[in-house]
Every structure is written in C-alpha cells, then in structure tokens.
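A closer look at the structure
So you can see what is in the structure, the chains are spelled out below.
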Amino acid sequence: MPRVSQDHLDARRRQILDGARACFARHGYEGATVRRLEEATGLSRGAIFHHFRDKESLFLALAEDDALRMADVVAEQGLVQVMRDLLEEPEKRDEDSAADWLGTRLEVSRRLRTDPDFRARWAERSEQLTAATYQRLLRQREAGNLRDDVDVTVLTSFLELVLEGLVSHLAMGLPADDMEPVLDLVEETVRRHRRNS
C-alpha cells in the first residue's frame, strides 16, 4: 500500500475543515448531519472520520482553527480589524476573511450556553484570541499608541466584550451597515490621546 504524503494529509484535512465550516454555518451543529458533512466536503464519512474522531472533535478542530486564524489577524492588525472584517459584504470577503468565522463563532457561543461538556473542552482552546489581543495591546502601549491610564487586561476584556456584542448583533440579523462609526469609537477609546503643547 503506497504511503500518503503529509502534504496530501494536510490538504485533505483543510478540505474537511473548509467544507465543515460551511456546513456548520448553514445548518448549525445538530443540523450538520454526517450526510450533509459528506456533501459539503465532497468526501465519505470514512475519509472525514479518519481525520477526526467524531463530529464534536471535528467541530472543536474547526473552532480552534478559526480562533488561530483570528489570532493571526489580531496579532497583525488588532481585534477591531477582526470586527471590521465581520461586517464585510459577502461578495467582498476573501478566502481567509474573518467573516467566514462568524458562522462557527455563533455556533460556539450557542453550544457554550447549552452544553457543559463542550464548555469544558472549549475552555482549553479559547485562550489564543485573548493572548493575541493582549500581546497586540502590549506592543501598542510600548509604541506609545495605547492609552496608559487603563490596565491592558481591562482593555483586552473591553475589546472582547465588544466583539461578543457584535457577534450577538449579527446573530440576531440586526442591520450592521451603521457599525463602522461604532468601531471607530471603540478604536478611539483604546488609543492614547496626545495632549497639545
């Protein structure tokens, strides 16, 4: 039997995660049946569950993958940029857009409220975004761009709370075309204000 290369395995795993992301976003966790996952990924159940033990493991891997992708955006551009990306029109989104993450994030939020076992498993994986936000804010403070009268931990919590509020807003289907000025205000709130001499 020929050996499968690591590149092939990685590509197959990415194919499964990308298809599962669309499936979970469209149908929710419960509605993402094995048949729907097969259709969304273009792979058989055997191929899917060769890479992931079960549906929950697949969902957790997907949520973790999205959290890592968002942590990368945060590290480079900040958490407010993640929020701006969530507001992009679908036709303007690129393949790695944070807006693709919204469906997974909504499902994570729902399961955190309703599933104690999931909450325990997710707690182990949810630190990447917080750590990336905190590190980004520390770098901004060292560069003199961040207000210095509020602890960085408090600013991190503030930005995460705004993100959760935005996700809830979008989940309810409320209009988002007036959110850019709100995000401008959020950004201005954490910036250092230089006094005129």
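Our focus in this paragraph is the packing of helix α6 (residues 102-114) against helix α9 (residues 152-171). For any two helices packed against each other, one specifies the inter-axial angle together with the distance between the axes. One way to put it is that α6 packs onto α9 with a least axis distance of 10 Å and a crossing angle of 100 degrees. The angle between α6 and α9 places the two elements in the roughly perpendicular class. Facing α6, whose interface residues are Leu 102, Arg 105, Leu 106 and Ser 109, α9 presents Glu 164, Val 167, Leu 170 and Ala 171.

Another aspect to go through is the side chain of Thr 41. Counting through the fold element by element, Thr 41 comes out in helix α2 (residues 34-41). Within the structure, Thr 41 has its side chain in polar contact with the backbone oxygen of Glu 38 (distance 3.4 Å). At a separation of 3.2 Å, a polar atom in the side chain of Thr 41 contacts the main-chain amide nitrogen of Leu 43. In contact with Thr 41, not counting residues within four places along its chain, are Gln 15, Ile 16, Gly 19, Ala 20 and Ile 48.

The next point concerns the pattern of salt bridges. In the structure shown here, the tally under the stated rule is 19 salt bridges. Residue Glu 56 is joined to Arg 111 by a salt bridge in which the shortest nitrogen-to-oxygen separation is 2.8 Å. Taken together, the residues Glu 56 in helix α4 (residues 55-77) and Arg 111 in helix α6 connect sequence positions 55 residues apart. For the pair Glu 56 and Arg 111, a shared accessibility class is recorded, and that class is buried. Overlapping salt bridges bring together Arg 14, Asp 18, Arg 21, Asp 65, Asp 66 and Arg 69 as one network.

Before going further, it helps to examine helix α8 (residues 127-142). Compared with the 22 Å implied by 1.5 Å per residue over 16 residues, the 22 Å span of α8 between its first and last C-alpha is a close match. Looking at α8, one finds that the buried residues are Leu 129, Ala 132, Thr 133, Arg 136 and Leu 137. Each buried residue of α8 lies within a common arc of 130 degrees when the element is viewed along its axis, so the set occupies one face. Elements that come into contact with the buried residues of α8 comprise α4, α5 (79-86) and α9.

As a further point, take the nonpolar core. Within the largest apolar cluster, 28 residues are counted, with the highest numbers of intra-cluster contacts made by Leu 79, Leu 86 and Leu 163. Only α4, α5, α8, α9 and α10 (180-190) provide two or more residues apiece to this core. Apart from the residues within four sequence positions on either side, Leu 163 is in contact with Leu 79, Met 83, Leu 86, Trp 101 and Leu 129. Cys 23, Leu 37, Leu 43 and Phe 118 belong to the second largest nonpolar core, which has 22 residues in total.

Conventions we followed
- Residues numbered from 1 in each chain as written.
- Predicted model: local features only at pLDDT ≥ 70, side-chain atom pairs only at ≥ 80, totals over all residues.
- Heavy atoms only, no water.
- Axes fitted to C-alpha atoms, helices over the stretch in contact; angles between N-to-C directions.
- Helix = DSSP H or I, 4+ residues; strand = E, 2+ residues; numbered from the N terminus.
- Parallel < 35°, antiparallel > 145°, perpendicular 65-115°, else oblique.
- Contact = heavy atoms within 4.5 Å.
- Polar contact = N/O pair within 3.5 Å; in protein donor to acceptor, adjacent residues only side chain to side chain.
- Salt bridge = Lys/Arg side-chain N within 4 Å of Asp/Glu carboxyl O.
- Buried < 20%, exposed > 50% of the residue type's maximum accessible area, 1.4 Å probe, protein only.
- Expected span 1.5 Å × (residues − 1).
- Arc of directions from axis to C-beta.
- Core = buried A, V, L, I, M, F, W, Y, C linked by side-chain atoms within 4.5 Å.

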